[in-house]
Amino acid sequence: MAAVNRIAFIGNSLPRRCGIATFTIDLQSAIAASRGDLETVIVAMTDHGQVYDYPATVGLEINDDRQDDYIRAAAYLNSGGFEAVSLQHEFGIFGGEAGGHIMALLSRLTIPIVTTLHTVLSQPTEAQRDVIARIVECSSKVVVMAEKGRELLRSVYHVADEKIEIIPHGIPEFAFVEPDAAKAALGFSNKSVILTFGLLSPNKGIEVMIDAMPSILKTRPDAVYVVLGATHPNLVRDRGEAYREALMAHARQAGVDDHVVFLDQFVDKKTLLEFISMSDVYVTPYLSEAQMTSGTLAYSFGLGKAVVSTPYWHARELLADGRGILVPFGDAAALGVEIAKLLTNDVLRQAMRKRAYSSSRAMTWERTAERYMSVFENAGRRHRLKTIARTDTGTLLRDSRAPPEMQLGHFLSMCDDTGLFQHAVHSVPDRAHGYCVDDNARALLVACALNNPGEERLPEVLTARFAAFVQHAWNPDTRRFRNFMGFNRCWLEDRGSEDSHGRTLWALGVCALTDASPSRRSWAAALFSEAMATVESFRSPRAWAFVLLGLDAYCSAVPDDVQATRLRAVLADRLVLIFDTVATGDWVWFEDGLAYDNARLPQALIMTGLASKTSRYVNIGLESLRWLVERQTSAKGQFRPIGTAGFGDRRQPSQAFDQQPLEAAATIAACLAAWRADHDVEWKAEAARVFAWFLGSNDLSASLVDLETGSCRDGLHPDRPNENRGGESVVSYLLGLSEIRQIARLSESRAKPAPLVA
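Only a predicted model underlies this, so the values are computations on that prediction, with no experimental measurement involved. (Residues numbered from 1 in each chain as written. Predicted model: local features only at pLDDT ≥ 70, side-chain atom pairs only at ≥ 80, totals over all residues. Heavy atoms only, no water.)

J.: Please give an account of the overall build of the protein that cites residues and values.
T.: Looking only at helices and strands, the protein features 27 helices and 22 strands. Projected onto the principal axes, the alpha-carbon positions of the protein cover approximately 100 × 60 × 45 Å. The burial tally for the protein puts 58% of its 758 residues in the buried class. In the structure as shown, the protein presents an accessible area of about 29200 Å², 51% of it carried by carbon and sulfur atoms. (Helix = DSSP H or I, 4+ residues; strand = E, 2+ residues; numbered from the N terminus. Buried < 20%, exposed > 50% of the residue type's maximum accessible area, 1.4 Å probe, protein only. Areas by Shrake-Rupley, 256 points an atom, 1.4 Å probe, with all protein chains shown as cover.)

J.: Outline helix 26 (residues 681-694), listing residues and values.
T.: Across the 14 residues of helix 26, twelve count as buried, placing the element largely inside the fold. Glu-682, Trp-683, Ala-685, Glu-686, Ala-687, Ala-688, Arg-689, Val-690, Phe-691, Ala-692, Trp-693 and Phe-694 are the residues of helix 26 that are buried. Looking one or two residues beyond helix 26, the residue adopting positive phi is Gly-696, at roughly 120°.

J.: Any chance you could break down the sheet that holds strand 18 (residues 484-485) for me, citing the residues and the numbers?
T.: Spatial ordering of the open sheet is given by 14-15-18, a layout of three strands whose pairing is antiparallel. Each edge of the open sheet is held by one strand with a lone partner, namely strand 14 (421-425) and strand 18. Against the sheet, helix 17 (residues 437-449) makes contact with strand 14 and strand 15 (428-436), and its axis sits at roughly 105° relative to strand 15, the strand it touches most. (Pairing = 2+ DSSP bridges. Contact = heavy atoms within 4.5 Å. Axes fitted to C-alpha atoms, helices over the stretch in contact; angles between N-to-C directions.)

J.: Quick one: what's the story with the sheet that holds strand 12 (residues 306-309), residue by residue and with numbers?
T.: Read across the sheet, six strands follow the order 10-9-8-11-12-13 without closing on themselves; strand pairing throughout is parallel. The open sheet has two edge strands with one neighbour each: strand 10 (260-263) and strand 13 (325-326). Packed on one face of the sheet, helix 10 (residues 269-278) meets strand 8 (192-197), strand 9 (223-228) and strand 10 and runs near 140° to strand 8.

J.: Hey, could you go over the environment of His-501 for me, with residue numbers and the actual values?
T.: On the secondary structure map, His-501 appears in helix 19 (residues 498-514). Judged by its relative accessible area of 0%, His-501 falls in the buried class. In the structure, His-501 is positioned 19 residues away from Arg-482 in sequence and 7.9 Å away in space, judged by C-alpha atoms. In terms of polar contacts, His-501 uses its side chain to reach the backbone amide nitrogen of Phe-481, at 3.3 Å. (Polar contact = N/O pair within 3.5 Å; in protein donor to acceptor, adjacent residues only side chain to side chain.)

J.: Talk me through the packing of aromatic side chains; I want residue IDs and the actual numbers.
T.: Inspection of every chain in the model, using the stated rule, returns 24 aromatic pairs. Both rings, one in Phe-411 and one in Phe-466, keep their centres 5.9 Å apart while their planes meet at 55°; by these two values the pair is tilted. Highlighted residues: Phe-411 in helix 16 (residues 409-413) and Phe-466 in helix 18 (residues 460-473), separated in sequence by 55 residues. Exposure class is identical for Phe-411 and Phe-466. Each is buried. Taking the centre distance of 6.2 Å and the plane angle of 55° together, the rings of Tyr-435 and Phe-469 count as tilted. A residue pair is termed long-range when its members are at least 10 positions apart, and Tyr-435 in strand 15 and Phe-469 in helix 18 qualify at 34 residues. Take Tyr-435 and Phe-469: they sit in the same class, and that class is buried. (Phe/Tyr/Trp six-rings, centres within 6.5 Å; stacked < 30°, edge-to-face > 60°.)

J.: With reference to specific residues and values, describe helix 21 (residues 541-557).
T.: Taking 1.5 Å per residue as the helical rise, helix 21 with its 17 residues ought to reach 24 Å, and the 24 Å between its terminal C-alpha atoms agrees with that figure. Within helix 21, 15 of the 17 residues are buried, which leaves the element mostly enclosed by the surrounding structure. (Expected span 1.5 Å × (residues − 1).)

J.: Just give me the short version of unusual backbone geometry, but keep the residues and values in it.
T.: Omega for the peptide link from Phe-657 to Asp-658 comes to -10°, which places this bond in the cis form. Within the chain, Asn-190 stands out as a residue other than glycine whose phi angle is a positive 60°. Following the sequence through the fold, Asn-190 ends up in the loop between helix 6 (180-186) and strand 8. Residue Asn-190 is classed as exposed on the basis of its relative accessible area of 75%. Positive phi, close to 55°, is recorded for His-426, a residue that is not glycine. Secondary-structure assignment places His-426 in the loop between strand 14 and strand 15. Judged by its relative accessible area of 46%, His-426 is partly exposed.

J.: An account of the packing of helix 7 (residues 206-219) against helix 9 (residues 242-253) is requested, with residue identities and associated values reported.
T.: Contact geometry for helix 7 and helix 9: axes closest at 10 Å, N-to-C directions at 15°. In terms of axis orientation, helix 7 runs roughly parallel to helix 9. With respect to the hand of their crossing, helix 7 and helix 9 are arranged in right-handed fashion. In this structure, helix 7 uses Ile-206, Glu-207, Ile-210 and Asp-211 to contact helix 9, whose residues at the interface are Tyr-243, Leu-247, His-250 and Ala-251. A breakdown of the residues in the contact of helix 7 with helix 9 according to their chemical character gives five nonpolar, one polar and two charged. (Parallel < 35°, antiparallel > 145°, perpendicular 65-115°, else oblique. Left-handed = near helix turned anticlockwise from the far one by under 90°. Nonpolar A, V, L, I, M, F, W, Y, C, P; charged D, E, K, R; others polar.)

J.: I'd like a description of the pattern of salt bridges, backed by residues and values.
T.: Oppositely charged side chains can pair when the atoms bearing their charge come close. This model, assessed by the stated rule, comprises 43 salt bridges. For Arg-220, the salt bridge goes to Asp-222, with nearest N and O atoms at 2.9 Å. By relative accessible area, Arg-220 is classed as partly exposed at 23%. Note on Asp-222: relative accessible area 22%, which makes it partly exposed. Arg-650 is paired through a salt bridge with Asp-592; the nearest N and O atoms lie 3.0 Å apart. On the criterion of sequence distance, the pair formed by Arg-650 in the loop between helix 24 (615-631) and helix 25 (661-678) and Asp-592 in the loop between helix 22 (562-582) and helix 23 (600-612) is long-range, its members being 58 residues apart. Looking at Arg-650, the relative accessible area reads 57%, which means it is exposed. By relative accessible area, Asp-592 is classed as partly exposed at 23%. Via salt bridges that share partners, Glu-147, Arg-150, Arg-154 and Asp-161 belong to a single interconnected network. (Salt bridge = Lys/Arg side-chain N within 4 Å of Asp/Glu carboxyl O.)

J.: Pulling in residues and values, what's your account of the confidence of the model for the protein?
T.: The pLDDT averaged across the protein works out to 90; a share of 93% of its residues lies at or above 70. Note on residues 388-401: pLDDT is under 50 here. Beyond four places in sequence and across chains, it has 24 contacts. Low pLDDT (under 50) marks residues 750-758, which in the prediction has 15 contacts with non-local residues, meaning those over four places away or in another chain. (pLDDT = per-residue confidence, 0-100.)

J.: Before we move on, can you summarise the environment of Met-103 with the specific residues and values?
T.: Looking at where Met-103 falls in the secondary structure, it is placed in helix 3 (residues 102-106). Through-space distance from the C-alpha of Met-103 to that of Arg-134 is 7.6 Å; in sequence the pair is 31 residues apart. Ignoring any residue separated from it by four or fewer positions in sequence, one finds Met-103 in contact with Arg-134, Ile-135 and Cys-138.

J.: Account for the nonpolar core, with residues named and values stated.
T.: One recurring pattern in soluble globular proteins: nonpolar side chains tend to sit buried together. If you look at the biggest cluster of nonpolar residues, it comprises 112 residues, and the most contacted ones within it are Phe-411, Phe-466, Leu-551, Leu-625 and Phe-694. At eleven residues, helix 21 tops the list of elements feeding residues into this core. Those residues in contact with Leu-625, other than ones at most four positions away along the chain, are Ala-599, Pro-602, Ile-606, Ala-670, Cys-671, Ala-674 and Trp-683. (Core = buried A, V, L, I, M, F, W, Y, C linked by side-chain atoms within 4.5 Å.)

J.: I'd love a proper account of the packing of helix 23 against helix 24, names of residues and values included.
T.: Where helix 23 meets helix 24, the closest approach of the two axes is 7 Å, and the angle between their N-to-C directions is 155°. For the element pair helix 23 / helix 24, the angle class is roughly antiparallel. Relative to helix 24, the crossing made by helix 23 is left-handed. On helix 24, the residues touching Pro-602, Leu-605, Ile-606, Thr-608, Gly-609, Leu-610 and Ser-612 of helix 23 are Tyr-617, Val-618, Ile-620, Gly-621, Leu-622, Ser-624 and Leu-625. Classifying every residue of the contact of helix 23 with helix 24 by side-chain character gives nine nonpolar, five polar and no charged.

Next comes the structure, spelled out in structure tokens:
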């Protein structure tokens, strides 16, 4: 992925008084610390022009009620060399109805936007729904901090799953310590401390916790409830400190005023962490479930505190499986029982603390920064491709607005009565190297592709010849397909590679579904069924991918084959497993190196996910394909396939040469599978860009294709094209061309692909 070096964060300027501002600054600081050469700046909203505790990192301020300020900010960001914008969204920060003024900024940006939604309402007003819909439309990605956020974005706002990313609220890296030292430093030695932190407002449920104190004091007379934080600025503006005074009066009436301490103060992060550290139990007794994110909950959880909370959305997810305790909303009795239990049972409290601390390590700001950087870099790449897509993609095909005609002259000349020759000397078939099942299986795929509407079918005798080659390649003794055959029609081996076996199954599966001959479809299905049993022992990820591509078609042709359905799940899960094992933040791939036919791996997962309605397969396919496309893009924006000189290199920059047509055909097919999965026009633009490589949009500005005969050179050397035009190259070109022509026909008829069902 291309590095993002300059990021703008849009938040507000109340770092001590508002969790959004604190989050913005913490995220900005963590990302800035993640890479020394990365520059960041905050664009801050001010409350009617009033600035509180203005952070030094703010580069521009916006009066939240002045639309001109939003427009000025857009110009500042567009001209400032920024490569990504991180919008921290919360209702109440931005001016206009439902915060709609922010659209004056977002709609003018020419750089990718990643929006973090701190609140996702389950029952938005019409204005709120409209604003969120417009923000999502402008955003390359939308980040939420809990699974509930994803669920609501899908069901209430109809946001595509591929656009949503879950990144938990960040937490500071802090040692697991006992509270005694912090208690002594803050004047609470020999006390059992219960803590609540945050801006005081009526929805926090402080009254309920005060009502729970008498029952707690019966078993822990040393208990003290510390309420740390200033009153919310909006309450102070409208009612002064009436709410805080009402809480203090409530404590007096309950007879616990000596055990409830109100600390009306702003605290910096260091002091806040010290207060959390001194607590024995942290409590968030909020009154409503519609709390998507609580920074105070995340921080106390990350410091390994025993937490008791009401079951608002964030707490339900974070504290599940014994990581904390949930009590009903407004239930003071239950709250008192659970807190007293923790304060009187050291073993129970310590076990809960350790569970919370160990499970929170993936939430540290360092890890959070890594995940955000990955999202920013993917967003940058997607934005560049969308810019290409907004142009007429026909210009990517050099001088023709329509894809080239399907010319088969060279393809036909490369065939004899046995099948397709492997190699050629220039354009002359080279009999010395004979034939292989790899190329004849690909030729059968070409024959099937030419059955599409708008194409002219191959002569029946030729399609039958490719099928006969595949049939003859099957060795029933070894249960494998042979691969290499000499010109004398003698097999050179009793079994081929796992990859050649997988590729042959791919062709058989497609033939079983799409061949023009009903008899040949039945033959292909029968041979596929016989030959697939041995695949489960294969170890090659590419063989798994080829077989999955075949299974995608075969399972449509023979939907009641239980073994095929099982095998599809087995192979897809294997690809997912090796991806999860190998992939890291900067190496988003299935193996430690890149080789040939790379794009077939994500293509196989995308197609399998679509067919089986398994979004996990689709998401990994899309993620890995985006990463691969980035590595296959030159500095000039042209397609540069992984060079053969780098095959086998472990996690190294890709070699530029030799470049081969096989990679272009695979990438075109994978991009169009991705388009069918998420409907993003960037994928069609990418496929067109890759196809343009055949026509001269490449490192040597040399066309590989003779448009009159349909021949295709074998690739690009550093200094010249390879003038030989073998079987693999011509079928790669024809397969890529058939995909491009099919998409062009779909675009002309305004057909839309079926949506992914998550």
